[in-house]
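# Secondary and tertiary structure notes
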Amino acid sequence: MKNLNLRSSNFVNYIFGKYLPREEQLQLDIKGEQQEITGSWQKYIMNYGTAHEKHGIAEWIVWAKEMPNYILDKQKSFSVPNWLNLDQEKTISLSSTPDGISKDFSCILEVKCSQGGKACYKAFPRDKLPQVYGQQMVLNSWLESQKQKERVEKTHLINWTPNHTKIWECKKNEDFENYLKKYLEIYSWALLNEKDDELKKPIEKFEGDMEKSISLIYEARVCD
């Protein structure tokens, strides 16, 4: 049986083609390849985020007064195999590797070091929504498959820079999850059939209310 995996960090491409057109992303996934990062600024941003993720986690620990699980070198990849429940040789799995999870599993931690540490986002970055809610969806499906009673209820998106930190709370939003599932299923079938016809159709705008789910719950600046 051949299994193809879709990662929550790339949901924004699978659904919206944000950083790579969906048709191009599909060809990479068919070949089992990843997009090569070539630009020096893009490489710097990626390396900066990796190097300073620990600072965002540390700020959350001080604020929340809790030590989360699955952080840094103890991160865990959670997977939902055969998410479409297909009875065939080739299937699709969904996976997610959060930056951390609260002890009771109710809250996912996701760190973003915006602009290479130069500035925080002015407002919540909407292009992170597929990853944020995709992680919640994957982890809750995994918990259910493990017959665990815990459920993820929210995500804390930690926007860390050396002089300014913000934390947004993103509460579970079933309407947006259903929106994600619709387009993930479309992409999954395109991948299984190796055809991009459906990906060329316009994407419907999400008509639900995101404002009720997202709020800025923490902000701190370092004084000179």
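This is a predicted model, so every value here is computed, not measured. (Residues numbered from 1 in each chain as written. Predicted model: local features only at pLDDT ≥ 70, side-chain atom pairs only at ≥ 80, totals over all residues. Heavy atoms only, no water.)

### Some points on the overall build of the chain
On a plain count of helices and strands, the chain comes out with 5 helices and 8 strands. Walking the chain from its N terminus toward its C terminus, one meets helices and strands in the order β-α-α-α-β-β-β-β-α-β-β-α-β. Within the chain, the fraction of its 224 residues that count as buried is 47%. Summarising the internal contacts of the chain: among those between residues at least 6 apart in sequence, 71% fall at separations of at least 24. For the chain, the exposed area adds up to about 12,400 Å²; of that, 47% sits on carbon and sulfur atoms. Looking at the chain, you have 32 positive and 33 negative side-chain charges, and the mean spots of the two groups are 3 Å apart. (Helix = DSSP H or I, 4+ residues; strand = E, 2+ residues; numbered from the N terminus. Buried < 20%, exposed > 50% of the residue type's maximum accessible area, 1.4 Å probe, protein only. Contact = heavy atoms within 4.5 Å. Areas by Shrake-Rupley, 256 points an atom, 1.4 Å probe, with all protein chains shown as cover. Lys, Arg positive; Asp, Glu negative; His and termini not counted. Charge placed at Lys NZ, Arg CZ, Asp CG, Glu CD.)

### Here's the deal with the pairing of strand S6 (residues 154-161)
The element S6 is largely enclosed, with a buried count of 7 among its 8 residues. As paired elements, strand S5 (residues 107-112) and S6 share 6 bridges and run parallel to each other. Residue pairing in the sheet places Cys107 in a bridge with Lys154 of S6. Handedness of the crossover is the feature at issue here: the chain leaves S5, passes through helix H4 (residues 129-145), returns alongside S6, and the resulting connection is right-handed. Pairing analysis gives 8 bridges linking S6 to strand S7 (residues 164-171), with the strands arranged antiparallel. Residue pairing across strands places Trp160 opposite Thr165, the latter belonging to S7. Counting the residues in the hairpin turn of S6 and S7 gives 2 residues. (Pairing = 2+ DSSP bridges. Right-handed = clockwise from strand over helix to strand, strands pointing away.)

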